[in-house]
Amino acid sequence: AQSVTQLDSQVPVFEEAPVELRCNYSSSVSVYLFWYVQYPNQGLQLLLKYLSGSTLVESINGFEAEFNKSQTSFHLRKPSVHISDTAEYFCAVTYTGTASKLTFGTGTRLQVTL
Amino acid sequence: ETGVTQSPTHLIKTRGQQVTLRCSSQSGHNTVSWYQQALGQGPQFIFQYYREEENGRGNFPPRFSGLQFPNYSSELNVNALELDDSALYLCASSLGGEATYEQYFGPGTRLTVT
């Protein structure tokens, strides 16, 4: 069965500092991996995804994540965060070749302060 | 282009009652997935509808049921409400039922069961 572990429930960071949000998954088959962001009182927005090809994927707002098959990880990074990045971040996984049932982690609250 | 919409925004019900939540998919999308997000948790997959047929179900009891209409909008029905059903219910639509299709989430319906 698929499962996703987000090791940090909360990550406090100062503005302009780098950040890494960790995600590990367990699956015995090929997977697709996603990061979603949830702002207060809103639904989920797709931040970036790995389906195939280059293991490093980037978002339009400076986030990047690297698929590491040997470590079954898909950590999210940003070299310099902004106050507006404060939100809940969810890592999710689904099997390749199946219906799009997403399995989510429990989320990481990124709190950016001045 | 209209995004995914859900109604109502908030709902308060009493234990034992029944509830119907509604979702309008994004234009051109034929697949709708429903997720339950309990407070402080990641979303959990309830079920998916693809072209009016159920296309996968998560670990939820039969009192959670759904429907998809010819215009691809969808309903989630929950019978015999329990206190643990209190959660944010998210609907997501996509162009197809396979895992490669991006899911676009609505803002959710906050259900409180007292």
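These remarks concern the structure in this document. (Residues numbered from 1 in each chain as written. Chains lettered and ligands numbered in written order. Predicted model: local features only at pLDDT ≥ 70, side-chain atom pairs only at ≥ 80, totals over all residues. Heavy atoms only, no water.)

### Quick notes on the overall build of chain B
Moving on, step 1. In terms of helices and strands, chain B carries zero helices and eleven strands.
Moving on, step 2. Ordering the α and β elements of chain B from the N terminus gives β-β-β-β-β-β-β-β-β-β-β.
Moving on, step 3. Since a compact globule built from 114 residues should have a radius of gyration of about 13 Å, the 13 Å found for chain B is in line with a globular shape.
Moving on, step 4. Across its three principal axes, chain B shows a C-alpha extent of roughly 40 × 25 × 25 Å.
Moving on, step 5. Within chain B, residue pairs in contact and separated by at least 24 positions form 54% of the contacts whose partners lie at least 6 positions apart.
Moving on, step 6. Accessible surface, chain B: about 5,400 Å² in total, of which carbon and sulfur atoms supply 46%. (Helix = DSSP H or I, 4+ residues; strand = E, 2+ residues; numbered from the N terminus. Rg over C-alpha atoms; globule rule 2.2 N^0.38 Å. Contact = heavy atoms within 4.5 Å. Areas by Shrake-Rupley, 256 points an atom, 1.4 Å probe, with all protein chains shown as cover.)

### Looking at the pattern of salt bridges
Moving on, step 1. For the structure shown, the criterion picks out seven salt bridges over all chains.
Moving on, step 2. Here K78 of chain A ties to D85 of chain A by a salt bridge, and the two come within 2.8 Å at their closest N and O atoms. Accessibility classification places K78 of chain A together with D85 of chain A in one group, the buried group.
Moving on, step 3. Notably, a salt bridge pairs R57 of chain B with E54 of chain B, separated by 3.6 Å at the nearest N-O pair.
Moving on, step 4. Linked through salt bridges whose partners overlap, the residues forming this network are R63, E82 and D85 of chain B. (Salt bridge = Lys/Arg side-chain N within 4 Å of Asp/Glu carboxyl O. Buried < 20%, exposed > 50% of the residue type's maximum accessible area, 1.4 Å probe, protein only.)

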